[in-house]
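Examining the three-dimensional arrangement
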Amino acid sequence: MTSSDRSPSPRADVVVIGAGVMGLAIAYNLAARGCKRIVVLDQHYLAWGASGRNGGGVRQQWSTEMNVRLMQESMEICAHFAEEMGINVWMRRGGYLFLARTDAAATRLARNVALQNRCDLPTRMISPAEAQALVPELETAPFVGACYNATDGIVFPWPFLWGYARAAQKRGVIIRTGTAVTAIDRRGDDFQIATAAGTLTAGRVICAAGAWSPRIARLCGGTLPDRPVRHEILSTEPLKPFLKPMVSVIETGLYVSQSLRGELVGGVSLPEEPNPDGEVRLGSRLAFLTTMARGLTEIMPRLAQVKVVRQWAGPYDVSPDGDPIVGELPGVPGFYVVCGFGGHGFMMAPVVARHYAAYLCGEAPHPFFEAWRADRFAAGGTPSPHREEMTIG
Amino acid sequence: MSRKVILCRCEDVTLADVQRAVKLGYADLEEVKRYTGFGTGPCQGKECLREVACAVAQASGRDPATLAPFTSRPPLSPTALGVLAGPARK
C-alpha cells in the first residue's frame, strides 16, 4: 500500500524511522495535529518487524501507577480504534488472568491489585478454584493464587498498522516501505538521511525502530543501551471459542489467549541467549516448541491433542532497567528515540504516540518523559525510580 | 464470480479478497498473506500458495518469477502439543 508513494520529498520536517505501530502512530498523531511534511521510512513492509510478530495482548494490570493509567488510556484508544479508523482490529475483551505458583508471586500480585484498584481498575485476587471457574480446562494444582481483570483483552495487531498508516496517509504523511536508512549525517541543524531510494533532509528525526534502534542511533553518532532479545510465539489450529481470558503464569512468563479466529496464540520466556553483538535474531527454535508445549499441557492437560500449526520469532527490545527509553538522545539534538519497551511496545503505542506527538508539538511533556529519559543510563544519571514488575508477555 | 472462487480453503480467502489486497497496494506474497490471512491455517500455504501467487501476478501484472514465497514456519506439519511436550514427567 505504501510503495506507491514515490513523490520526491527532499525536505521533511519530521522523518520517522520505523513503520511499526509506534512510528506510524506518532506520524498519525502529528499529522492529526496539523504537522506537515512527515515521512516514515521502513526497511521492510508493514508488519514485518515486532509489530507484526507480537501476541496482541492489551492489559492494564501493571505495578506502577503511571503504567496502569497509561494503559487505561491506551485501552480506551484501542476500544474506539475500529470506529475511528474504519478498520476491524478483532478486539476481544475477555480479561487477563495472572496465575502465581509461589506465595511470593501471589503477594506481589496482591500488592499490584491494590494499586490497580486505587486507579479504579476492577482487578481482583481470586483463588485457583475461582480461576478454574473462569477457565474450566485449567489445572489448579500448580497454583496458589491468581488475579483477574475482566476489562483487559486482546487485539489482532496487523490492522492497527494498516489503520494508522491509512489515516496518516490521508493526512499527507508519506510512508516509504522497503527503504532502509543507510546513513544519517548532520548538516547544520538538519539531518541528511541516506536511503537506497535517495537522500532526505529532515529537521527532526524520530527513531521508532524498536530492537533496531541502537543501530539507527549509531548512524548519527548516538548510543542506546537497549538490546534485542528473541521471543517466540506459536499458534495452533482454530478451535471453538473456549478460552475467555488471556492466561499468564507469572513465574514462567507463559501466556496464551484464544484469538477471534479461534487459534490459541502464546509464548513463554526462554533463558536469554548470549548475544554480544546485539544481533536481531528471528529464527525459530525447537526448544521453544517443547518448552511451550510442556507449559501449556501442564496448566491445561486437555490441550495435548491440539495441534501447533506455526511458530515464529520477534525481537523484544529490552532496556537495562526494563523501562522504555524516550525523548531526545543525549548529545544528538533533534534526534528523538522511543524504544526499550521490552515486549510491551505494541499495547503502549497508542497512548505513548499520542503524548509523544503532543510533546513534539511543544506541549508540556507527559511524566513518562521524565521517568523514561534516555540520559538515566549515562554516568551520573538517575535510574528509573519504580521498576515495573509486571513485565510478562 | 471472483467472490465465489476460494483460493485458501483454511481461511476462506477468495480471489476477490486477493484482488482487493493487490488493488490496495499489497503486492508481495508476505503482505497479501498478512492482509488476507491466506496460508495461515492448518495447511500453512501448502494448498494455496501457488494459487494465490498466480492471482497476485495476474492482478498486479507482475512476472510470477519475481514473486517470492512467504517464509515457511515450523513445524513442517501440524503437530500435537502432547507430542511436542513428550511423556509426562513427575
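Report follows, based on the coordinates. Small disclaimer: the values here were computed from a predicted structure and weren't measured. (Residues numbered from 1 in each chain as written. Chains lettered and ligands numbered in written order. Predicted model: local features only at pLDDT ≥ 70, side-chain atom pairs only at ≥ 80, totals over all residues. Heavy atoms only, no water.)

Before going further, it helps to spend a moment on helix α1 (residues 21-32) of chain A. All names here are of chain A. Between its first and last C-alpha, α1 extends 16 Å over 12 residues, near the 16 Å set by a 1.5 Å rise per residue. Along α1, 11 of the 12 residues are buried, which leaves the element largely enclosed by surrounding structure. Those residues of α1 not exposed but buried are Val21, Met22, Gly23, Leu24, Ala25, Ile26, Ala27, Tyr28, Asn29, Leu30 and Ala31. In the stretch just after α1, Gly34 is the one whose phi turns positive, near 95 degrees. (Helix = DSSP H or I, 4+ residues; strand = E, 2+ residues; numbered from the N terminus. Expected span 1.5 Å × (residues − 1). Buried < 20%, exposed > 50% of the residue type's maximum accessible area, 1.4 Å probe, protein only.)

Moving on, we get to unusual backbone geometry. With the exception of glycine, the majority of residues adopt a negative phi angle, and the majority of peptide bonds are in the trans configuration. Residue and element names in this part refer to chain B. The residue after Pro74, namely Pro75, is reached through a cis peptide bond having omega -10 degrees. By secondary structure assignment, the location of Pro75 is in the loop between α3 (49-60) and β3 (79-80). Phi is positive for Asp12, close to 55 degrees, though the residue is something other than glycine. Counting through the fold element by element, Asp12 comes out in the loop between β1 (6-8) and β2 (13-14).

According to the stated counting rule, one finds 5 cavities of 30 Å³ or more in the structure shown. Each pocket or cavity is described by its volume, and for the largest cavity that value is around 400 Å³. As for the largest cavity, its lining consists of 23 residues, of which Asn54(A), Phe156(A), Trp158(A), Arg310(A) and Trp312(A) are closest to the centre. For the lining of the largest cavity, the elements supplying multiple residues, two or more each, are α5 (157-170) and β16 (307-318) of chain A together with α2 (29-36) of chain B. Residue composition of the lining of the largest cavity, grouped by class: 9 nonpolar, 7 polar and 7 charged. A volume near 60 Å³ is recorded for the second largest cavity. Taken together, Trp62(A), Asn67(A), Gly322(A), Asp323(A), Pro324(A), Phe341(A), His344(A), Met348(A), Glu388(A) and Thr391(A) make up the lining of the second largest cavity. Partitioned by chemical class, the residues of the lining of the second largest cavity number 4 nonpolar, 4 polar and 2 charged. (1 Å grid on protein atoms, 1.4 Å probe; cavity = no way out; pocket = protein on both sides within 12 Å on 5 of 7 lines; lining within 4 Å. Points joined across faces, edges and corners; volume = space filled by probe spheres on them. Nonpolar A, V, L, I, M, F, W, Y, C, P; charged D, E, K, R; others polar.)

This paragraph deals with the side chain of Arg285(A). Residues and elements named next belong to chain A. Structurally, Arg285 can be placed in the loop between β15 (264-267) and α7 (286-299). A distance of 2.6 Å separates polar atoms of two side chains, one belonging to Arg285 and the other to Glu232. In contact with Arg285, other than residues within four places in its own chain, are Arg230, Glu232, Leu270, Glu273 and Gln311. (Polar contact = N/O pair within 3.5 Å; in protein donor to acceptor, adjacent residues only side chain to side chain. Contact = heavy atoms within 4.5 Å.)

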